[in-house]
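Secondary and tertiary structure notes
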Amino acid sequence: MPRIFLSPSTQEYNPYIIGGNEELYMNQIADAMIPYLNASGIQYSRNNPNLNVAAAIAQANRGRYDLYLALHSNASPASLEGMLRGPDVYYYPTSTQGRRAANIIANGLREIYPDPELVHTRTSTQLAEVRRPRAPAVLVEIAYHDNEQDANWIVDNIDEIAENLAISVADFLGVAFYTPSSLGSGIVTVSSGRLNIRSAPSTSSRVIGSLENGRRVEITQILDGWYGIRWQNGTGYVSSAFVRRV
């Protein structure tokens, strides 16, 4: 089975202009990718968020992987703070497979990013996460977290970004992409009011709906403290503390 190494950012010191930080949201995207990878038969390992980039690369190099995928968000130089936008997908210039993976991922992001012309592939000989892994490596700067429009796009589209990246990974690996099957049902159990449905598994993400006590939901993802549920034509997220699995 194909295997990838996921390396979401460990940089909690990089704040988002709207609140939260790079480590938080990149790990949420990685979390949301897992059900799609599992459904598509793609094995994965993941970095330790308490360690640094060098440790992640060393961990990956001890195994055999078909792709090293680093997930980050970007920040503009001080002179351009808040002015730059768009995803950048990096690969090592002499890596044929890295270039192929980067092009596939960039083409995928152009389908969901609001301005496709701002999605670029770029080479780098300086970024350790494209230079040092033994596997073909790609580092995705998903958008600029010092730009309010970009930061909101990331936070409001965690699952869509995750699905898009998983589709591109499956394409690169040459395997069929499948969406997660249902993990069963749950019943909303709130003592008063309604249960908020959010766009991402975070209390800072946008509320996209609500559910009354006793409402049955279909669970598609199980995350740390959250359930992904089928909502309208996509996925919403609810606190697992207020849903009883049945």
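Refer to the structure printed above.
Predicted model, so just to flag it, every value in this text is computed and none were measured.

Turning our attention to the overall build of the protein chain. Secondary structure summary: the protein chain contains 6 helices and 13 strands in total. Computed over its C-alpha atoms, the radius of gyration of the protein chain comes to 18 Å, within 12% of the 18 Å expected for a compact globule of 246 residues. By its C-alpha atoms, the protein chain is 55 × 45 × 35 Å across when sized along the principal axes. Each of the 246 residues in the protein chain was classed as buried or not, and the buried ones make up 50%. Working note: accessible area of the protein chain is about 11,300 Å², and carbon and sulfur atoms make up 45% of it.

What follows deals with the pairing of strand β12 (residues 234–239). Taken together, the 6 bridges between strand β11 (residues 226–231) and β12 define a ladder with antiparallel strand orientation. Within β12, the residue paired with arginine 230 across the bridge is threonine 235. Two successive antiparallel strands, β11 and β12, enclose a turn made up of 2 residues, where glutamine 232 displays a positive phi of approximately 55°.

Right, let's get into the sheet that holds strand β4 (residues 88–91). Read across the open sheet, the 6 strands follow the order β2-β1-β3-β6-β4-β5; overall the sheet is mixed. Two strands lie at the open edges of the sheet, namely β2 (43–46) and β5 (120–123), each paired on one side alone. Pairwise comparison of adjacent strand axes, ignoring direction, gives a mean angle of 25° for this sheet. In the sheet, strand β1 (residues 3–8) pairs with β2 via 4 bridges, with the strands oriented parallel. Counted as the bridge partner of leucine 6 is arginine 46 from β2. Strands in contact with helix α1 (residues 22–39) are β1, β2, β3 (67–74) and β6 (137–144); relative to β3, the strand with the most contacts, it is inclined by about 145°. In this fold helix α5 (residues 148–156) packs onto β3 and β6, with an angle of close to 115° to the strand it touches most, β6.

Here we come to the environment of proline 114. Turning to its location among the elements, proline 114 is positioned in the loop between α3 (96–110) and β5. A relative accessible area of 53% places proline 114 in the exposed class. Considered as a pair, proline 114 and isoleucine 161 are 47 residues apart in the sequence and their alpha carbons are 12 Å apart. If sequence neighbours within four positions are ignored, proline 114 has contacts with Arg85 and Trp153.

On to the layout of surface pockets. By volume, the largest pocket amounts to about 250 Å³. Forming the walls of the largest pocket are Asp156, Asn157, Ile158, Asp159, Glu160, Ser199, Arg206, Ile208, Trp231, Gln232, Gly234 and Thr235. At the level of secondary structure, the elements contributing two or more residues to the lining of the largest pocket comprise α6 (158–173) and β12. No other element matches the 3 residues that α6 contributes to the lining of the largest pocket. Looking at the lining of the largest pocket residue by residue, the class counts come to 3 nonpolar, 5 polar and 4 charged.

Across the 6 residues that make up β1, a large majority, 5, are buried. Crossover connection from β1 via α1 to parallel β2: handedness right-handed. Bridge count for β1 against β3 is 5 bridges, and the pairing is parallel. Bridge pairing in β3 links proline 8 to leucine 71.

Each aromatic ring pair is described using two quantities: the centre-to-centre distance and the angle formed by the ring planes. Tallying each qualifying case throughout the model produces 5 aromatic pairs. Considering the side-chain rings of phenylalanine 5 and tyrosine 65, the 5.5 Å spacing of their centres and the 75° angle between planes classify their relative orientation as edge-to-face. On the criterion of sequence distance, the pair formed by phenylalanine 5 in strand β1 and tyrosine 65 in the loop between α2 (53–61) and β3 is long-range, its members being 60 residues apart. The two residues phenylalanine 5 and tyrosine 65 agree in class, both being buried. Aromatic side chains tyrosine 36 and phenylalanine 177 sit 5.8 Å apart centroid to centroid with 20° between the ring planes, which places their arrangement in the stacked category. With tyrosine 36 in helix α1 and phenylalanine 177 in the loop between α6 and β7 (185–188), this pair connects stretches of sequence that are 141 residues apart. For tyrosine 36, a relative accessible area of 4% puts it in the buried group. You can call phenylalanine 177 partly exposed: its relative accessible area is 25%. Through pairs of rings, three or more aromatic residues link up here, namely Phe5, Tyr65 and Tyr68.

Criteria and thresholds
What you see as residue numbers is a count from 1 along each chain, following the sequence as written. Residues qualify for local features only when their pLDDT is at least 70, as the model is predicted, and side-chain atom pairs are given and counted only at 80 or more; totals for whole chains, interfaces and linings, by contrast, use all residues. The basis for every side-chain value is the complete set of heavy atoms in the structure, and neither hydrogens nor water enter the calculation. Segments assigned H or I by DSSP are reported as helices when at least four residues long, segments assigned E as strands when at least two residues long, and all are numbered from the N terminus. Put simply, the radius of gyration uses C-alpha atoms, and a globule should come to 2.2 Å times the residue count raised to 0.38. Relative accessibility under 20% of the residue-type maximum defines a buried residue, over 50% an exposed one, and the middle range a partly exposed one, all with a 1.4 Å probe and only protein chains included. In short, Shrake-Rupley with a 1.4 Å probe defines the accessible areas, and a residue's cover is counted only from the protein chains shown. By this definition, two strands are paired if DSSP reports at least two bridges between them. Here an angle of 0 to 180 degrees is reported between the N-to-C directions of two axes, which are lines fitted to C-alpha atoms, with helices fitted over the stretch in contact. The contact criterion used throughout is that any non-hydrogen atoms of two residues lie within 4.5 Å. Space inside and on the surface of the protein is sampled on a 1 Å grid over the protein atoms alone, with a cavity defined as a set of points where a 1.4 Å probe fits but cannot get out and a pocket as an open set with protein on both sides within 12 Å along at least 5 of 7 lines; lining residues have an atom within 4 Å of a point. Grid points are joined across faces, edges and corners, and a volume is the space filled by probe spheres set on the points. Each residue gets one label: Ala, Val, Leu, Ile, Met, Phe, Trp, Tyr, Cys and Pro are nonpolar, Asp, Glu, Lys and Arg are charged, and the others, such as Gly, are polar. Seen with the strands pointing away from the viewer, any crossover whose path from the first strand over the helix to the second strand runs clockwise is right-handed. What counts as a ring pair is set by centres within 6.5 Å for rings of Phe, Tyr and Trp (its six-membered ring), and what kind of pair is set by the plane angle: stacked under 30 degrees, edge-to-face over 60, tilted for all other angles.

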